[in-house]
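Take a look at the letters that make up each chain.
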Amino acid sequence: MLKALYINIALLIFVTGNVLAQQPTFKGGAQALDDFLKAKIIYPEYSRQNCISGTIHVSFKVDKDGTVRDAKVQDGPGIDLDDEALRVIKLSSGQWVIPAGYNLATNIIQPIRFDPDAARCGPANIRDMQSAIASYKAQQELENAVTNYYINKYKGKADTTKEAIIINLKKQLGYDDDFITDVLSQANEKFKQGDKEGACRDWNFIRNIGSDKADNFIKKYCAPNP
């Protein structure tokens, strides 16, 4: 089951090279953007569990029809918060109103603030957050070892004598049934939002850590990996 989300969203848009009156606006205005982001953001599980807060700055451009392009994280901690901020900015594609004479090469920078549940997490502890962020980055190497093993196993190229090591890595990373259930819930929520790409990414991740619980979704909705 998806956990309750606690998110504050900074709505100030910085537009480099343009005056305020010439900037693109979200359809319906600032309140509509606020509502959109609050409805779409899914607080990433690792950061939620570890009470990590942060402001992510996403840079992007918009075309004449309001399509978002060239979206990237300009500033963030380099963890799952970055991925979620980038995902929701991409979801806003087509929702921007472009003023006459607007320079389409201009970068828009949208800050998005994430704050976890204060009742559960209490006051922010910078030292604990820094430690959790460092642990996340260190775990990426272990995660890559797990996913690479199963990707190769599905191709018939894995050294299966090492599977016991991979299973121990999965335990170390906490990739158990509860974790998979949370990722499935996250993927299903993204799919409901119309974000099939994000959902397929999560479903394929589940498959690539050795579980078949997302296989039916992948078969039905996701293009096969090359």
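Just so we're clear, the structure is a prediction, and the values are computed from it rather than from any experiment.

Undergrad: Is there a simple way to think about the side chain of glutamate 143 in this case?
TA: Here glutamate 143 is to be found in helix H5 (residues 126–154). It turns out glutamate 143 is buried and unbridged, and the closest side chain with the opposite charge, arginine 201, is 11 Å from it. Those residues in contact with glutamate 143, other than ones at most four positions away along the chain, are Leu173, Tyr175 and Phe205.

Undergrad: Before we go on, may I ask you to explain the pattern of salt bridges in this structure?
TA: All chains considered together, the criterion is met by 12 salt bridges. For arginine 69, the salt bridge identified is with aspartate 70, shortest N-O distance 2.9 Å. In this structure arginine 69 comes out as partly exposed when scored by relative accessible area, which is 26%. Note that arginine 207 is salt-bridged to aspartate 215, the shortest N-O span being 3.9 Å. A relative accessible area of 26% places arginine 207 in the partly exposed class. A single salt-bridge network, built from bridges that share partners, covers Asp63, Arg69 and Asp70.

Undergrad: Looking at this structure, how should I read helix H1 (residues 30–40)?
TA: Each full turn of the α-helix corresponds to 3.6 residues, which orients residues three or four apart in the same direction. Restricting attention to buried positions, one finds in H1 the residues Leu33, Asp34, Phe36, Leu37 and Lys40. For H1, the angular spread of the buried residues around the axis is 165 degrees, confining them to a single face. Along its buried surface, H1 packs onto strand E2 (25–26), helix H3 (80–91), strand E5 (96–97) and strand E6 (108–114).

Definitions and limits used
- Residues numbered from 1 in each chain as written.
- Predicted model: local features only at pLDDT ≥ 70, side-chain atom pairs only at ≥ 80, totals over all residues.
- Heavy atoms only, no water.
- Helix = DSSP H or I, 4+ residues; strand = E, 2+ residues; numbered from the N terminus.
- Buried < 20%, exposed > 50% of the residue type's maximum accessible area, 1.4 Å probe, protein only.
- Lys, Arg positive; Asp, Glu negative; His and termini not counted.
- Salt bridge = Lys/Arg side-chain N within 4 Å of Asp/Glu carboxyl O.
- Contact = heavy atoms within 4.5 Å.
- Arc of directions from axis to C-beta.

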